[in-house]
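If you want the building blocks of each chain, they are given just below.
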Amino acid sequence: MAKITIQNLCKQYKNGEVQALKDISLECRDGGFFCLLGPAGAGKTTTIKLLAGIEAADSGRILLDDVDITDQMPMHRDLAVAFETYALYPQRTVRQNLAFPLQSPLRKNEWTPETMEQRVVEIANLLGIGELLDRLPRQLSGGQRQRVALGRALVRKPKAYLLDEPIAHLDAKLRHRMRGELKRIQMELGITTIYTTPDQLEALSLADTMAVINNGRIEQSGTPAEIYRRPANVFVARFVGDPPMNILTTHLVGDELALNSLMRLKLSEPFRRALSGYPPEKPVLLGIRPKDMRLTPPDAPQAKLHAESGHIQVLGETSVVTLSSDGLEIRLKLATQQAPRRGERVGVDFSIEDCHLFDAHSQNRIATEND
Ligand code: ADP
Ligand code: MG
């Protein structure tokens, strides 16, 4: 078990044409489950490669339990890695692929052939590939290969697991089950885990701490609850949560936020204080999550906005309704039986307490005393 610390890590490719990591700092506590969440190309795999020692950092440090391992050889780091791209040995069977990490010269005294076979079978059954032990990688589907790659990491009990999108290629149902299994295994063994994913729901449900990475930079780190409740900027606000948070461009008029002639919203005391001194000509971005908005009859006194109902996406018990008003699009998430008809005029109500404010230029959160 180990604490992992990353300090000011930078990595360029193609002589600086690509800046994959721009001054990344992170900390994963001993025994923690840390998720690195970000879109494709954000720098997730690069981070895992540097941690594993497969590629060298340009600058910055990596510490394992406060010991600098930045220049240590991969085999001496005692970390188990699973990549999204599998990297299985094509000429070896699933059994041999799974057993391989146990056969390292560094660990040859830890296992007998019997305990090794036991462990391989155990991990294969856990991942639902127990029937496939005698097959070669090319005789497997993508999802099965990915489970072998994951199994090859989990078969050992290293200082930490580095899992790079380890279940991205499984079908939705299996992915859901594996998510539960992974969390259970990690909690049982208490092995420090760094896990990357582009799926915000996966990160929120697995992580005890997480970071959102975008374009080689950490946008925010914290617990899933902190990031969801107090997104540090517009990118995080829209990337975490589904459907994405609505962002309305408003202006400060006295103690109200105005959206053209569509809306006048009276500010709460904490927001009023947070905006004191904010230049009135600079827009204020008002963020509201789709689940925090309610429909009202169009003539209801509490309706803060009026709009026309457009596309309705039914997701079983809930639906996502797109409303439009004078070029503005807003999305609401509500119980399917409350969904309006397409084309219906509706009112929209929400509470100022559920709103988030962002600076229109920096896109950063405008913090209040409640934050
Ligand atoms: P992610 O895993 O989040 O999708 P990566 O870490 O793979 O992102 O990539 C980060 C950025 O670095 C991307 O712009 C990618 O194209 C670039 N990149 C990654 N590896 C290389 C490489 N070997 N050569 C050039 N560019 C690379
Ligand atoms: Mg990747």
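Note that the coordinates shown come from a computational prediction; the quantities given were computed from them, not determined experimentally.

The rules behind these values
Residues numbered from 1 in each chain as written. Chains lettered and ligands numbered in written order. Predicted model: local features only at pLDDT ≥ 70, side-chain atom pairs only at ≥ 80, totals over all residues. Heavy atoms only, no water. Domains from an automatic or database assignment. Buried area = accessible area lost by both parts, 1.4 Å probe. Salt bridge = Lys/Arg side-chain N within 4 Å of Asp/Glu carboxyl O. Helix = DSSP H or I, 4+ residues; strand = E, 2+ residues; numbered from the N terminus. Nonpolar A, V, L, I, M, F, W, Y, C, P; charged D, E, K, R; others polar. Near = heavy atom within 4 Å. Polar contact = N/O pair within 3.5 Å; in protein donor to acceptor, adjacent residues only side chain to side chain. Areas by Shrake-Rupley, 256 points an atom, 1.4 Å probe, with all protein chains shown as cover.

Participant: What exactly am I supposed to notice about the domain arrangement of the protein here?
Facilitator: Assigned domains of the protein: these are domain 1 (4-239) and domain 2 (247-359). Centre-to-centre, using C-alpha coordinates, domain 1 lies 39 Å away from domain 2. Across the interface of domain 1 and domain 2, roughly 610 Å² is buried in total on both sides, 62% from carbon and sulfur atoms. On the domain 1 side of the contact with domain 2, Y228, V234 and A237 bury the most area, a combined 64% of that side's loss. Summed over the shared surface of domain 1 and domain 2, the number is 0 salt bridges. For the side of domain 1 that touches domain 2, the elements supplying multiple residues, two or more each, are α8 (224-229) and α9 (234-239). Per-element tally for the side of domain 1 that touches domain 2: the top contributor is α9, with 3 residues. Counted by class, the side of domain 1 that touches domain 2 contains 4 nonpolar, 1 polar and 2 charged residues.

Participant: Mind showing me how you'd approach the site of ligand 1 here?
Facilitator: The full set of residues close to ligand 1 is Y13, V18, A20, P39, A40, G41, A42, G43, K44, T45 and T46. Within the backbone of G41, a nitrogen or oxygen atom sits 2.7 Å from an oxygen atom of ligand 1. In this structure, A42 approaches ligand 1 through a main-chain N or O atom, which is 3.1 Å from an oxygen atom. Relative to its unbound accessible area of 560 Å², ligand 1 is 64% covered by the protein chains. Per-element tally for the shell around ligand 1: the top contributor is helix α1 (residues 44-52), with 3 residues. Here the residues of the shell around ligand 1 sort into 6 nonpolar, 4 polar and 1 charged.

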